[in-house]
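The lines below spell out each chain.
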Amino acid sequence: MSQIELSDIFTVDREGKPTIKIVLFGPPMSGKTSMLTVFNALRRMENPKTIVSALTKIQDDTGRTVFFDQGVFQTPPFKGKKFDRLRYQLWTIPGEERHKTQRDIVMKGVDAVLLFLNFEKTAEEQNKVILKEAKETVGETFGSKIPVVAYINKSDLPAEERLDKRDIIKSLIEEGAIHSDKAANIVLTGSCLNARNELLSILTSPKRDEFFDDSNRLRIDKRPDSVWLIVRPIQKLTQLAVEQRLEYVQNF
Ligand SMILES: Nc1nc2c(ncn2[C@@H]2O[C@H](COP(=O)(O)OP(=O)(O)OP(=O)(O)O)[C@@H](O)[C@H]2O)c(=O)[nH]1
Ligand SMILES: [Mg+2]
């Protein structure tokens with residue numbers, strides 16, 4: 001089975017490219033649109049050629065998502081692997097409760113779920129509600145055939161305004177969203193706000209040239225830690241999806 005191609009394990013898009021559909025599924029105002037915006041900005045700074053289609057946002061005039069945000073990106077080369085041609089569609093759902101129908105539409109054909117949670121103390125119940133809905137929408141393949149990575153946003157908030165990460169992990173385990181032995185690996189945290197601010201400060205820095213190469217691309221080794229934290233959940237999810245599908249075809 002050494003000849004497996006990505007197109008054997010993923011759906012191909014209209015241009016014949018293997019594509020994975022990842023949905024950021026999380027409660028209202030948790031920062032899903034912010035993550036996609038930061039991700040898109042990073043790609044524009046590092047390598048615009050990896051942006052396959054421009055970021056689309058369907059929002060109301062206050063910036064609330066009413067249908068979805070969507071962007072398509074190409075993976076940068078995987079180290080030493082030939083799997084460097086995967087396209088990934090990143091979608092966000094509208095978190096507001098009244099948009100359930102739109103969420104169901106966005107979830108059609110999902111390949112992997114980024115369970116996008118909110119560190120804010122006031123969001124405890126909303127995190128639980130959205131987790132239940134994600135599980136119900138995906139069905140029994142949630143966390144198995146459809147891999148799940150949890151990401152808790154707004155880690156920049158002061159401790160007294162934040163939920164306890166251990167309690168969040170506990171409820172993820174209780175709800176059967178993740179296995180306890182994998183928690184450290186697939187429950188990630190970060191701050192879209194910090195990532196966005198650090199990218200902006202690079203752009204306006206008097207030492208801007210130190211961050212960019214001769215082609216005016218942000219050097220990967222200059223990627224701030226806060227930005228790594230935004231990229232990692234998507235990378236991790238893609239990796240799980242590839243592994244899971246390879247395993248499936250190899251056992252076939
Ligand atoms: N403190 C803090 N605020 C954040 C962070 N990320 C986003 N926000 C703020 O949270 C609010 C909601 O962000 P959005 O990205 O619009 O949230 P959303 O999840 O897309 O919301 P819906 O589209 O309604 O589902 C905005 O005011 C953001 O500026 C973060 O990491 N830290
Ligand atoms: Mg949104």
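The model shown is predicted, which means the values in this text are computed figures rather than measured ones.

Thresholds, definitions, all that
Residues numbered from 1 in each chain as written. Chains lettered and ligands numbered in written order. Predicted model: local features only at pLDDT ≥ 70, side-chain atom pairs only at ≥ 80, totals over all residues. Axes fitted to C-alpha atoms, helices over the stretch in contact; angles between N-to-C directions. Helix = DSSP H or I, 4+ residues; strand = E, 2+ residues; numbered from the N terminus. Parallel < 35°, antiparallel > 145°, perpendicular 65-115°, else oblique. Left-handed = near helix turned anticlockwise from the far one by under 90°. Contact = placed C-beta atoms within 7 Å. Nonpolar A, V, L, I, M, F, W, Y, C, P; charged D, E, K, R; others polar. Near = placed C-beta within 6 Å. Buried ≥ 20, exposed ≤ 12 C-beta atoms within 10 Å, placed from the backbone. Pairing = 2+ DSSP bridges.

1. So, the packing of helix α7 (residues 192-203) against helix α8 (residues 225-250)
Move 1: Where α7 contacts α8, the two axes come as close as 8 Å, and the packing angle between them is 125°. It follows from the interaxial angle that α7 and α8 lie oblique. Note that α7 runs across α8; the crossing there is left-handed. Residues Cys192, Asn194, Ala195, Glu198 and Leu199 of α7 pack against Ser226, Val227, Leu229 and Ile230 of α8.
Move 2: A per-class count over the contact of α7 with α8 returns six nonpolar, two polar and one charged.

2. Concerning the site of ligand 1
Move 1: In the vicinity of ligand 1 lie 22 residues, with Gly31, Thr33, Ser34, Thr65 and Gly95 positioned nearest.
Move 2: At the level of elements, α2 (32-46) and α7 are the ones that each hand at least two residues to the shell around ligand 1.
Move 3: Examining the composition of the shell around ligand 1, we find that three residues originate from one element, α2, more than from any other.
Move 4: For the shell around ligand 1, a count of residues per class yields six nonpolar, eleven polar and five charged.

3. A look at the pairing of strand β5 (residues 87-92)
Move 1: With five of six residues buried, β5 lies mostly within the body of the structure.
Move 2: Alignment of strand β2 (residues 18-25) against β5, held across six bridges, turns out to be parallel. Bridging from a neighbouring strand, Thr19 pairs with Arg87 of β5.
Move 3: Pairing of strand β4 (residues 65-74) with β5 involves six bridges; the strand directions are antiparallel. Each residue of the ladder has a partner; that of Asp69, found in β5, is Thr92.

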